[in-house]
Amino acid sequence: MDLESGVNQNRVKKESWRTILTLAYQSLGVVYGDLSTSPLYVYKSTFAEDITHSESNEEIYGVLSFVFWTLTLVPLLKYVFIVLKADDNGEGGTFALYSLLCRHAKVNSLPSCQLADEELSSYKKDIIISPAPTTFGATLKSTLERYRVLQRFLLVLALIGACMVIGDGILTPALSVFSAVSGIELAMGKEHHKYVEVPLTCVILIALFALQHYGTHRVGFLFAPVVVTWLMCISAIGVYNIVQWDRHVYRALSPYYMYKFLKKTQTGGWMSLGGILLCITGSEAMFADLGHFSQLSIQIAFTFMVYPSLILAYMGQAAYLSQHHVIENESYRIGFYVSVPEKLRLPILVIAILAAVVGSQAIITGTFSIIKQCSSLGCFPRVKIVNTSSKIHGQIYIPEINWTLMLLCLAVTIGFRDTKRMGNASGLAVITVMLVTTCLMSLVIVLCWRKSVLLALCFVIFFGTIEALYFSASLIKFLEGAWVPIALAFTFMIIMCIWHYGSLKKYEFDVQNKVSVEWLLGLGPSLGIVRVRGIGLIHTELVSGIPAIFSHFVTNLPAFHQVLVFLCVKSVPVPHVKHEERFLVGHIGPREYRIYRCIVRYGYRDAHKDDSEFENDLVCSIAEFIRTGRTGLSVNGEDLRKDFEDLTVVGTPSTHISGVQLCEDEDVSTELVGTSERREILSPRVTKPKKRVRFVIPESPKIDRGAQEELRELMEAREAGIAYILGHSYVRAKQGSSLFKKIVINFGYDFLRRNSRPPTYTLSVPHASTLEVGMVYNV
């Protein structure tokens, strides 16, 4: 028995390691496509204008030393061994850090937050423990919670990082593909290659964006082999160049050569750091794509495959250039392809283009993800989000953003037409995201990890100084291309801030004008109006109270459905909400009113279901609440007012298999079918062939007659159909508002609202079942 147990344990251990290594292999194609293609343009961008390659080789050795230590300190030390540990329940990225801080210090920007959200299992994390009252962390926490301006600054900081990621999604495909295609320069005449590079790059980019709607999972199996082949090729070429041209190039890895480089080149060397910075483009993807893989798999892939391959590639280029001070094609200057043996240039060119496409694909997908997160947190206009894979979360496609990115990417390619200005633009976007990560990470160290403030200061000073040096070198190139990411980030930032401000003011208006419960109770059990068959879903952003659109609806149309559900679809600052915690259901008023509140909670990375599946989940969850939840409220006024907002966590039908299940068929028989363990409640009103709705409920425990009648009425209403009652809002700044507020609300927010998806687009509401109630919001 012991032997058998040991064998089983070994088998489990082998399977776990097999899984980790498989994930590490897959991560090469998703995470490292951008980072692995950086040798295509680093040396060429660095030696563009600011410094020259002299006979002493001090410049090339200095650049190699900078590249080596930058790759070692930022991607390897900072991201692989420190930042990857700051995951948000397995998810990474700028918003993961912001989400951690929001939950810990209660600086959440979402207005509809509830105490019930803090009971979510993913809301808590092992590292989130309240610091001792006497520590600096406790003081910092209370300060953040006390001052609204600090909370807004934290949100703006996270949004700056998000905007720069979007800018990187525009610049990286242009830079990577153009650098790969530029290899044809060595095979064509001096004047002819210019007429081929830009058109060919544009064709590849158009094809890349046009194929986005198919999803990466359809061609994803090609990604890892392409990147692996590319890494093996550049490392093999690097070893060849080291052995062939300069076997002592390893001496340049000494930090002393950085000092010699800066001493000789001075201002020109400092300005050239913007090109050296490009060696770490794509490093942020290791953290941003953490949710698709595991921490250990990403660490293994980078440490044992990507990092050594890149170091060998850069050393090989430096070894070749140290013995070749005069390049035959002067227009090409210093680049990647000159160090490739002539017989291998054509196949390497093909592999480089494929690797550049893979790297571009990764950053485009990352841009889709960051926009979805911004939209979930109420900081970006609603857009159409298509889940391209039913098995892999996070693989999404956003048509509006895809075509916008394509047009901007083509504009950058055609406008710049050289890697120098593209590199200046991309470098500033990359280093800004890294600076934001460093700042947020220092707060996580103090507030979430409960480490000393000295450790956080050491982290932010050490890495912040390195990144600030590169940031300054990139910013000085403002007129030479660096203005592009700033302009893009500023544009997206304005959009995000206007949308967030307008949404916040609209929600505050809803809260201030919601109808009191006493008004509802004063209508009496019949509510004083006609109840028609069916279920009415009133969509609202309120998590408590009755929205003003309900009273407006009743005033203009004194009839609504026999079952009324106030539906709130909200996002919470966690990556994923478990299915068993998805729905919060409760009664509004006594049971005989047949009015319910249902709050559907999604994380910022969760995928929303389509209309039919969502409707069935909603109805079945209400039925399960009726069976197991509160059976009603006391008629006593005080008890009723006190308890009417009590909600019960129900989850989705997949989480209560032994509970109520909903079935639909076209059988018109009304015969009751029962077994010793389960029985069905059937609708008696079946007169013509159509889909019949029936609830299958467990035999035990018994439910009372009132719950049975409530279930029967819910079933009849579902069979009659569901109507969506939406509020069509006209948001206007109220009289007396400042000119700035009038411009932001009346023009900016109104324009974004009219050109974005409606509030219930995430529910895929059918137009035939929609009824809009217009209201004017004077905010």
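Residues numbered from 1 in each chain as written. Predicted model: local features only at pLDDT ≥ 70, side-chain atom pairs only at ≥ 80, totals over all residues. Heavy atoms only, no water.

Naming follows an unreviewed UniProt entry, where the protein appears as Potassium transporter of Anisodus acutangulus. The protein has a UniProt comment under Function (unreviewed entry) that states "Potassium transporter." Taken from UniProt, the Sequence similarities (unreviewed entry) comment for the protein reads in full: "Belongs to the HAK/KUP transporter (TC 2.A.72.3) family." (UniProt positions renumbered as here; feature names shortened; annotations may be inferred.)

Asks: Account for the overall build of the protein, naming residues and giving values.
Replies: Per the secondary structure count, the protein includes 25 helices and 12 strands. Looking at the protein as a whole, 58% of its 779 residues qualify as buried. The contacts of the protein with a sequence gap of at least 6 include a subset with a gap of at least 24, amounting to 82%. Here the protein displays about 32800 Å² of accessible surface, and carbon together with sulfur accounts for 61% of that area. (Helix = DSSP H or I, 4+ residues; strand = E, 2+ residues; numbered from the N terminus. Buried < 20%, exposed > 50% of the residue type's maximum accessible area, 1.4 Å probe, protein only. Contact = heavy atoms within 4.5 Å. Areas by Shrake-Rupley, 256 points an atom, 1.4 Å probe, with all protein chains shown as cover.)

Asks: Break down the packing of helix H15 (residues 345-376) against helix H16 (residues 399-416) for me, with residues and values.
Replies: Between H15 and H16, the shortest axis-to-axis distance is 11 Å and the interhelical angle comes to 130 degrees. The angle between the axes of H15 and H16 places the two elements in the oblique class. Seen along the crossing, H15 lies across H16 with a hand that is right-handed. On H16, the residues that touch Thr367, Phe368 and Ile371 of H15 are Ile401, Asn402 and Leu405. (Axes fitted to C-alpha atoms, helices over the stretch in contact; angles between N-to-C directions. Parallel < 35°, antiparallel > 145°, perpendicular 65-115°, else oblique. Left-handed = near helix turned anticlockwise from the far one by under 90°.)

Asks: Lay out the confidence of the model for the protein in plain terms, naming residues and giving numbers.
Replies: Reading fine detail from the predicted coordinates is not recommended where pLDDT is low. Mean pLDDT over the protein stands at 80; residues scoring 70 or higher make up 81%. Predicted confidence for residues 1-15 stays below pLDDT 50, and this span has 0 contacts to residues more than four positions away or in other chains. Contacts for the low-pLDDT stretch residues 631-644, under 50 throughout, to residues beyond four places or in other chains number 20 contacts. (pLDDT = per-residue confidence, 0-100.)

Asks: Before we move on, could you go through the sheet that holds strand E6 (residues 595-602) and cite the residues and values that matter?
Replies: Reading across from one edge, E7-E5-E6-E4-E3-E11-E12 is the order of the 7 strands in this open sheet, with mixed pairing throughout. Across the chains shown, the open sheet's two edge strands, defined by having one partner strand only, are strand E7 (648-649) and strand E12 (770-778). In terms of strand pairing, strand E3 (residues 530-539) meets strand E4 (residues 559-571) through 8 bridges, oriented parallel. Within E4, the residue paired with Gly536 across the bridge is Leu564. (Pairing = 2+ DSSP bridges.)

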